[in-house]
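# What the coordinates show
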Amino acid sequence: MKTKTLKKDKVNIITLGCSKNMVDSEVLSGQLLANEVDVVHESTKRDHNIVVVNTCGFIDKAKEESINTILEQVELKQRGKLDKVYVTGCLSERYRGDLESEIGGVDAWFGTMELPLLLKKFDADYKSELIGERLLSTPSHYAYLKIAEGCNRTCSFCAIPLMRGGHVSRPIEELVKEAEKLVRSGVKEIMLIAQELTYYGLDLYKERRLADLMRALAGVEGLEWIRLHYAYPTKFPMEVLDVMNEFPNICNYLDMPLQHASNAMLKAMKRQITREDIEELVHQIRAKVPGICLRTTLIAGFPGETEDDVEELKGFLERMRFDRVGVFTYSHEEGTSAYALEDNIPAEEKERRAQEIMEVQQEISLEKNQERVGKVLKVIVDKKEAGRYLARTEFDSVEVDNEVIINTSKRLKPGDFVNVRITKAFDYDLEGELV
């Protein structure tokens, strides 16, 4: 008998794509651990014999990265470095048939909702009593909390409903229980995520209940910051802002992807809102929560977008002065209603437009940062890098937003909250000293 067969399995989970995928990987890890299967996230040690690749199928670049990662793992298996390669997630959900016929060497493919089937490959049972038990892949002081799965919207550019199905909210009690577990494990900041936060509760309670959920989470002892990601502008539930004002541990931060500001583009994208409506909503939000940080994401190069549309978008940014902006180039996705349109803007032109839009925002970002010089801000320390600490204000989310650089000889730990006087402003970051 070869001694190798006696070796205990160790699983490495590689996660691609968004934070929602990351949560799925963390849940898978929690289930494997509960079934006494050794598991790690993104290990570089090569001491594992099984890999699960959790893929993203959202846009071209993400699909390419997912396929390259699968091929790399299959090659390791062919070289005898791995025993098994399993693939799950959005790409697998969307293109399983094509992938199975084109990529050999994968032991099994799973969709986004097939966790129990994947666990069977490890002789493991899905334990429903483990709700909220996750092996975090983030640093221990923050975590994402997925409050719903799927999406009911019909935005013409978006393939997510094809991969994740319709909107399904999780019960408030379940989410509170999960938040309490996270806090007990050392988490201080929770980021609420879903395809669309503001739809939360409509399927389950027949009314929007995001405000009620926020209230319940704000009462979790030891939870210092709660942050909202991915709010949809149409029929925005304004009571959310009242709750934001009511509880100091709810960050004055709202991530609301708008995608565009030209009415022609908003209509083509099936966003169910006009530029005028958006401007009115932004004014109302800022009036209700003075000083709120508004983050948005935009798409450049949607089919039929003209130079006039781009100019209108730039003018909109100059008027609205968002705190944080991300710009993506349009990706032509089969199965979406926009796929019937001609993808008539070359890739380099899409990139040029995205760059042009970001240059407008860069200036706004610098001006807004300069306004913070001399002010004292409460920040959470994320890590130490190159001899200095990197931290974030309540106005900044993980990885996508600005950082505060702290130069100090004092020893700080990730997850510490400290007060910093801002001494310097850059395009996207701040620098400061401990107070």
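Keep in mind that what you see is a predicted model, and the values were worked out from it rather than measured. (Residues numbered from 1 in each chain as written. Predicted model: local features only at pLDDT ≥ 70, side-chain atom pairs only at ≥ 80, totals over all residues. Heavy atoms only, no water.)

Size it by volume and the second largest pocket reaches roughly 690 Å³. For the second largest pocket, the lining is made up of 32 residues, of which Asp24, Val27, Leu115, Tyr126 and Glu149 are closest to its centre. Counting only elements with at least two residues in the lining of the second largest pocket, the list comes to helix H1 (19–34), strand S4 (84–89), helix H4 (115–120), strand S7 (148–149) and helix H6 (172–184). The greatest single-element share of the lining of the second largest pocket, amounting to six residues, is contributed by H1. Classifying every residue of the lining of the second largest pocket by side-chain character gives 13 nonpolar, eight polar and eleven charged. (1 Å grid on protein atoms, 1.4 Å probe; cavity = no way out; pocket = protein on both sides within 12 Å on 5 of 7 lines; lining within 4 Å. Points joined across faces, edges and corners; volume = space filled by probe spheres on them. Helix = DSSP H or I, 4+ residues; strand = E, 2+ residues; numbered from the N terminus. Nonpolar A, V, L, I, M, F, W, Y, C, P; charged D, E, K, R; others polar.)

On inspection of all chains with the given rule, the structure shows five aromatic pairs. Centroid distance Phe302 to Tyr330: 5.1 Å. Interplanar angle 70°. Geometry classified as edge-to-face. One end of the pair, Phe302, is in the loop between strand S12 (293–300) and helix H12 (307–320); the other, Tyr330, is in the loop between strand S13 (324–329) and helix H13 (347–370), with 28 residues separating them in the sequence. Summarising the aromatic geometry, the rings of Phe316 and Phe322 are spaced 5.7 Å apart at their centres and angled 45° between planes, so their arrangement reads as tilted. As far as the burial class goes, Phe316 and Phe322 line up, both buried. (Phe/Tyr/Trp six-rings, centres within 6.5 Å; stacked < 30°, edge-to-face > 60°. Buried < 20%, exposed > 50% of the residue type's maximum accessible area, 1.4 Å probe, protein only.)

This part is about the side chain of Ser92. In this structure, Ser92 sits in helix H3 (residues 90–102). Discounting residues that sit within four places of it in the chain, Ser92 has contacts with Thr55, Val87, Leu99, Trp109, Phe110 and Gly111. (Contact = heavy atoms within 4.5 Å.)

If you look at the biggest cluster of nonpolar residues, it comprises 60 residues, and the most contacted ones within it are Ile147, Leu192, Leu210, Leu213, Leu254 and Phe322. Excluding anything up to four places from it in sequence, Phe322 contacts Leu258, Val282, Arg286, Leu294, Thr296, Phe316, Leu317, Gln361, Ile364 and Lys368. (Core = buried A, V, L, I, M, F, W, Y, C linked by side-chain atoms within 4.5 Å.)

Using the criterion set out here, one finds one cavity of 30 Å³ or more in the structure. When its volume is computed, the largest cavity comes out at roughly 40 Å³. Surrounding the largest cavity, Arg324, Asn369, Arg372, Thr393, Phe395, Asp396, Asn402 and Leu430 form its lining. Tallied by class, residues from the lining of the largest cavity come to two nonpolar, three polar and three charged.

Bringing unusual backbone geometry into the picture now. In the Ramachandran plot, Glu42 falls in the positive-phi region, its phi being about 50° despite a non-glycine side chain. Position of Glu42 relative to the elements: it lies in the loop between strand S2 (38–41) and strand S3 (50–55). Classification of Glu42 as partly exposed rests on a relative accessible area of 42%.

With that settled, consider the pairing of strand S18 (residues 430–434). Where strand S16 (residues 404–406) lies against S18, three bridges are found, and the strand directions are parallel. Within the sheet, the bridge partner assigned to Val404 lies in S18 and is Leu430. Judged from the five bridges that link them, strand S17 (residues 417–425) and S18 form a sheet pairing that is antiparallel. Bridged to Ala425 within S18 is Leu430. As consecutive antiparallel partners, S17 and S18 are separated by four residues. (Pairing = 2+ DSSP bridges.)

This paragraph deals with the UniProt feature "binding site: [4Fe-4S] cluster 1" (unreviewed entry) in the protein chain. Feature annotation in UniProt places "binding site: [4Fe-4S] cluster 1" (unreviewed entry) on Cys18, Cys56 and Cys90, given in this structure's numbering. Taken along the chain, the residues just named run across 73 residues; in space they keep tight, none of their C-alpha pairs more than 10.5 Å apart. For Cys56, a relative accessible area of 10% corresponds to the buried category. When residues no more than four places from it in sequence are discounted, the contact partners of Cys56 are Leu16, Gly17, Asn21, Ala62, Lys63, Ser66, Cys90 and Leu91. Assignment of secondary structure puts Cys90 in helix H3. Excluding residues within four positions of it along the chain, Cys90 makes contact with Asn21, Thr55, Cys56, Gly57, Thr112, Met163 and Arg164. (UniProt positions renumbered as here; feature names shortened; annotations may be inferred.)

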